Amino acid sequence: MDKPELAAFLRSRRERISPAEAGLPAGRRRRTPGLRREEVAQLAFISTEYYTRLEQARAPHPSSDVLAGIARALRLSDAERNYLYRLADLPVTPPGPSRVVRQSILDLIERLPTTVAMVLSATYEVIAWNSLAAALLEDFSQRSRQDRNLLRREFLGPRSPGGKVFGASDGDQFARHSTNYLRATAARYPDDPEVQGLIADLLAGSPRFAELWQAHDVAAEPTLCKTFDHPLVGPISVNCDALAIPDRDQQLVLYTATPGSPSEEALRLLAVIGTQELIQ
């Protein structure tokens with residue numbers, strides 16, 4: 001294990017990634033570039049003390065699970081991830097679900113001002129979104145990684161006062177679809193600790209998920225349309241399309257309203273309002 005090179009490599013990767021790229025709010029002015037050590041530790045689900053010792057070349061040999069968490073937190077490319085494992089003298093294992101969104105996809109969703117657009121990972125985590133998605137659903141930048149996971153939101157909360165996630169009308173259909181999709185994800189990543197941890201949390205916390213999971217269904221029927229009961233502009237009915245991004249095992253989800261419909265006008269109004277609340 002090359003501790004000095006491992007430490008230097010981790011520092012260099014941490015300093016080059018911005019809070020926004022890691023899905024974190026920028027917060028107050030930062031003294032150093034990139035992420036703080038405690039932020040990397042939080043994203044990797046390890047202690048700050050241990051991560052700090054890794055960067056100081058003082059830590060004992062990290063496990064494969066620890067390296068996988070750090071690789072996800074720092075959004076390492078496949079080549080960088082493989083290099084990290086070699087520095088730690090560990091066999092290179094298949095990566096878990098990617099959370100790194102291609103820049104061309106990020107540019108695309110920002111060029112869709114009247115379309116709600118977001119990117120989901122293979123575990124249904126919202127990993128990128130445009131401003132209209134934040135206005136219709138919520139500002140995901142203000143949520144932790146766990147709360148940006150739509151499976152956790154559906155089965156473990158929080159919900160709107162009417163008992164619906166984001167005020168959407170398709171709760172039962174989405175629950176079945178997302179559970180079936182997660183089963184397929186688990187088959188693709190059988191040894192990934194984050195995938196298995198998500199399943200364990202859902203089984204422990206939601207009898208509804210446990211019942212659907214025990215059905216062992218894998219056919220995922222997509223939702224073609226849904227209605228959101230938005231507190232500012234009222235009901236908005238949208239068509240739903242999910243486009244696969246095969247090389248990242250991600251989905252680009254698009255919500256569009258029928259041209260000329262009241263829902264299209266509501267989306268246009270919401271695009272102007274943004275995430276602000278109307279002054280009474």
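Further up the page is the structure itself.
S.K.: Is there a simple way to think about the overall build of the protein chain in this case?
M.R.: The helix and strand tally for the protein chain stands at 12 helices and 5 strands. Taking the principal axes of the C-alpha coordinates as reference, the protein chain spans close to 60 × 45 × 30 Å. When burial is assessed residue by residue, the protein chain has 48% of its 280 residues classed as buried. Within the protein chain, contacts between residues separated by at least 24 positions form 58% of all contacts whose residues are at least 6 apart in sequence. Working note: accessible area of the protein chain is about 14,200 Å², and carbon and sulfur atoms make up 53% of it. If you average the places of the 34 positive and of the 35 negative side-chain charges in the protein chain, the two averages end up 6 Å apart.

S.K.: Just checking my understanding: could you explain the side chain of Arg75 for this structure?
M.R.: Mapping Arg75 onto the fold places it in the loop between α4 (64-73) and α5 (78-87). In this view, Arg75 contacts Arg16, Ile17, Glu21, Ala22, Glu80, Arg99, Val100, Val101 and Ile127; residues no more than four positions away in its chain are not counted.

S.K.: Just checking my understanding: could you explain the packing of α4 against α5 for this structure?
M.R.: The description of two helices packed together rests on the angle between their axes and the distance between the axes. For the pair α4 and α5, interaxial distance at closest approach is 10 Å and the crossing angle is 150°. Here the hand of the crossing between α4 and α5 comes out right-handed. The segment α4 lies against α5, with Ser64, Leu67, Ala68 and Ala71 engaging Arg81, Leu84 and Tyr85. Its residues assigned to classes, the contact of α4 with α5 shows 5 nonpolar, 1 polar and 1 charged.

S.K.: What should I look at first to understand empty space enclosed by the protein in this one?
M.R.: Over the atoms a probe the size of a water molecule is rolled, and this reveals where empty space is left. Tallied over the full model, the rule gives 1 cavity of 30 Å³ or more. What the largest cavity holds in volume is close to 50 Å³. In this structure, the largest cavity is lined by Arg72, Pro97, Arg99, Ser121, Thr123, Glu125, Arg145, Asp192, Glu194 and Val195. Among the residues making up the lining of the largest cavity, the classes are represented as 2 nonpolar, 2 polar and 6 charged.

S.K.: For this particular structure, what's the right way to read the state of the cysteines?
M.R.: The term disulfide refers to a covalent linkage connecting the sulfur atoms of a pair of cysteines. Across all of its chains, the model carries 0 disulfides by this definition. Take Cys225: it sits in no disulfide, and the sulfur closest to it among the cysteines is that of Cys240, at 6.6 Å.

S.K.: Would you take a moment to explain helix α2 (residues 37-44) for this structure?
M.R.: Owing to its 3.6 residues per turn, the α-helix brings residues three or four apart onto one side. Regarding α2, the residues found buried are Glu39, Val40, Ala41, Leu43 and Ala44. Downstream of α2 by a residue or two, Phe45 has a phi angle that is positive, lying close to 60°.

Conventions adopted
Residues numbered from 1 in each chain as written. Predicted model: local features only at pLDDT ≥ 70, side-chain atom pairs only at ≥ 80, totals over all residues. Heavy atoms only, no water. Helix = DSSP H or I, 4+ residues; strand = E, 2+ residues; numbered from the N terminus. Buried < 20%, exposed > 50% of the residue type's maximum accessible area, 1.4 Å probe, protein only. Contact = heavy atoms within 4.5 Å. Areas by Shrake-Rupley, 256 points an atom, 1.4 Å probe, with all protein chains shown as cover. Lys, Arg positive; Asp, Glu negative; His and termini not counted. Charge placed at Lys NZ, Arg CZ, Asp CG, Glu CD. Axes fitted to C-alpha atoms, helices over the stretch in contact; angles between N-to-C directions. Left-handed = near helix turned anticlockwise from the far one by under 90°. Nonpolar A, V, L, I, M, F, W, Y, C, P; charged D, E, K, R; others polar. 1 Å grid on protein atoms, 1.4 Å probe; cavity = no way out; pocket = protein on both sides within 12 Å on 5 of 7 lines; lining within 4 Å. Points joined across faces, edges and corners; volume = space filled by probe spheres on them. Disulfide = S-S within 2.5 Å.

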